Amino acid sequence: MANPSTRKPLFEGVKNTLASMGGAKPAFADAAAGAPAGSGCRADEGAQASGARRSMMAMAPCGKPAAAVAGASAGAVAAPAPGVKRDSTLEVMVASMVGTAIEFYDNYCYSIAAASYFGLIFFTDVAKSDPVLATLLAFVTFAVSFLARPFGSLLFGHFGDRLGRKKTLVAALMLMGAATFCVGLLPGYDVLGPAAVVLLCVCRACQGLGLAGEWSGAALVATENAPTNKRALFGSFPNLGAPIGFFCAYGVNLLLDTMLPADAMVAWGWRIPFLLSCLLVIVGLVVRLRMSETPVYQKAAAEQRTTKTPLRDLCHHWRRVVLGTCTMSITYTLFYVLGTWSLSYGTSTLGFTQQQYLGMQMVSVVFFAGFILVSCLTADKRGRKPVLLVGNACTLVFSFTAPLLLGGHNVAAIMVFLCVGFACMGTIFGPCGSYLPELFPAKVRYSGAGLSYNLAAITGGAFAPTIASALVMTFGIQALGWYMGGMAAVALVALLFFRESKDVDFEQ
């Protein structure tokens, strides 16, 4: 049997042409495997890949329509059904990456503000007597977004599976951007009293609803446009938005901290990063409005394989939702321990200035981005499960050595803590853009992947800064290691029940 990976991609500049990049079995082999017993249909094992289309047409009278047989070879045959449109790789990359970059930019800006300013601005009376408690309360408002995210994943997942990925992603981006912009306009406790905290929580909840629909839709835009043998690499596109958002958020805040005095930052400077997010949202909307619906969804809609009740159908896959949640949770824990809690701990306990610690975090995020790419390239070659097992095992070891690096004002130790931590994070975060969508069939993929991802945001990230702060205050810095180690152990146990999904039929 000829190896279809030798075929050249058919990107000729015509948008209606599908790219054929190998890695799947030829269509005639798939059709033979699925032909009814006794039908007399056989695939000639010695047939050449260049004759795959003739083989499919010959088999059509034996029980399968030619169009259905052709659909069995996603990623292997370059002749799509008429009218199916596929965006270029660059368009897919930008469309899936830009929204996730905005998502993480918003979250990072909020986490920095919660760690540095919101205790003074929205919990003014508490901050006068107990600044640490005021910061903890600010971290609680940070968690509001995560509590809203499962509801957002159900809402946007319903419409994403029923109406399509594109329309749903545009709506999610608009809600997310509007809520973030409004945070930058909110008056503080001195003006509105407790109502200011209520409005902050409302904006944060709206952020969570929009964020919930963003990542899962972006991951589907990437993976449902991907060649079979490059699905993890394409799935890295939305995840690379995380370090981009991180770099932008921390870069803007570092620049403001350098240019403005502390009093000005508390008075009005903290608003600027939130207001600047509107520029990113405009760029995202332009890209999203121009993109096409994904080929997998177009094909499912044409074959009437979509569903009007995706949430009800998702109930049949609840075990996969649980497994995806348990595996993904450590990613969020590591994320917000490194990005949010450590910033607060480094400035309040270890004696670093805000500018110094932000600068170290910006350097370490390069490791985050690099290991996302490395892990996804490896996952396409070796499989998702081996990469995740190695990544979580390394995270477990890191968890119990991390407290040794946080003993004092030591730049080298902190850089090791941040760089190694973000390398572990990139390793386990990268492949989630492919393995979470691969857990679910196309008709409930938006709902299933989104619900797993956003439930993990609650169990792993919503209270991570608060839990880490409380544990360290009560039991000492070693408790941080037990917390992260416990979450890594949960992920390792969940992975034991995973089936490798690298070669799954992604169109079904």
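Residues numbered from 1 in each chain as written. Predicted model: local features only at pLDDT ≥ 70, side-chain atom pairs only at ≥ 80, totals over all residues. Heavy atoms only, no water.

**Details of the pattern of salt bridges**
What the rule picks out here adds up to 12 salt bridges. Between Arg288 and Glu214 there is a salt bridge, with its nearest N and O atoms 2.7 Å apart. You can see Arg288 sitting in helix α13 (residues 271-290) and its partner Glu214 sitting in helix α10 (residues 194-223), a full 74 residues away along the chain. Across the pair, exposure class does not vary: Arg288 and Glu214 are buried alike. (Salt bridge = Lys/Arg side-chain N within 4 Å of Asp/Glu carboxyl O. Helix = DSSP H or I, 4+ residues; strand = E, 2+ residues; numbered from the N terminus. Buried < 20%, exposed > 50% of the residue type's maximum accessible area, 1.4 Å probe, protein only.)

**Focus on helix α4 (residues 89-116)**
Over its 28 residues, α4 runs 40 Å from end to end, which matches the ideal 40 Å to within 8%, given 1.5 Å per residue. With respect to burial, α4 is a largely interior element, 22 of its 28 residues being buried. (Expected span 1.5 Å × (residues − 1).)

**Looking at unusual backbone geometry**
One non-glycine residue, Gln304, lies in the positive phi region at around 60 degrees. Note on placement: Gln304 falls in the loop between α14 (295-302) and α15 (310-314).

**Concerning helix α7 (residues 131-162)**
For α7, spanning 32 residues, the distance from its first C-alpha to its last is 48 Å, which sits close to the expected 46 Å at 1.5 Å a residue. Residue Arg149 marks the point of greatest curvature in α7, where the axis turns by about 35 degrees; the proline Pro150 follows within four residues. One or two positions beyond α7, positive phi appears at Gly164, with a value near 125 degrees. (Bend = angle between axes of the 7 residues up to and from the residue.)

**Some remarks on the side chain of Gln298**
Residue placement: Gln298 occurs in helix α14. A polar contact is formed between the side chain of Gln298 and the backbone oxygen of Glu293, at a distance of 2.8 Å. (Polar contact = N/O pair within 3.5 Å; in protein donor to acceptor, adjacent residues only side chain to side chain.)

**Quick notes on the packing of aromatic side chains**
Taken as a whole and assessed by the stated rule, the structure comprises 34 aromatic pairs. On the basis of an interplanar angle of 40 degrees and a centroid distance of 6.1 Å, the ring pair of Phe104 and Tyr108 is categorised as tilted. Note that Phe104 and Tyr108 are positioned in helix α4 at a spacing of four residues, about one turn of the helix. With respect to class, Phe104 is no different from Tyr108; both count as buried. Between Phe335 and Tyr336, the aromatic rings sit 5.3 Å apart at their centres with planes inclined by 85 degrees, giving edge-to-face as the arrangement. Of the two residues, Phe335 and Tyr336, both sit in the buried class. Cation over ring: Arg204 sits above Tyr110, and NZ or CZ is 4.3 Å from the ring centre. Cation over ring: Arg445 sits above Phe506, and NZ or CZ is 3.8 Å from the ring centre. (Phe/Tyr/Trp six-rings, centres within 6.5 Å; stacked < 30°, edge-to-face > 60°. Lys NZ or Arg CZ within 6 Å of the ring centre and 35° of its normal.)

**Quick notes on the packing of helix α16 (residues 318-348) against helix α23 (residues 478-495)**
At a minimum axis distance of 7 Å, the contact between α16 and α23 shows a crossing angle of 155 degrees. Regarding the angle of α16 to α23, the classification is roughly antiparallel. Judged by the sense of rotation from one axis to the other, the crossing of α16 with α23 is left-handed. Side by side, α16 and α23 meet where Leu323, Cys326, Thr327, Ser329, Ile330, Thr333, Leu334, Val337 and Trp341 of the first sit next to Leu480, Tyr483, Met484, Met487, Ala488, Val490, Ala491, Ala494 and Leu495 of the second. By residue class, the composition of the contact of α16 with α23 is 15 nonpolar, three polar and no charged. (Axes fitted to C-alpha atoms, helices over the stretch in contact; angles between N-to-C directions. Parallel < 35°, antiparallel > 145°, perpendicular 65-115°, else oblique. Left-handed = near helix turned anticlockwise from the far one by under 90°. Contact = heavy atoms within 4.5 Å. Nonpolar A, V, L, I, M, F, W, Y, C, P; charged D, E, K, R; others polar.)

**Some words on the environment of Tyr446**
Position of Tyr446 among the secondary structure elements: in helix α21 (residues 445-462). Residue Tyr446 is classed as buried on the basis of its relative accessible area of 1%. With 226 residues separating them along the chain, Tyr446 and Leu220 place their C-alpha atoms 7.2 Å apart. Polar side-chain contacts of Tyr446 include one of 2.7 Å to the backbone oxygen of Gly213.

All we've got here are geometric facts, nothing functional implied.
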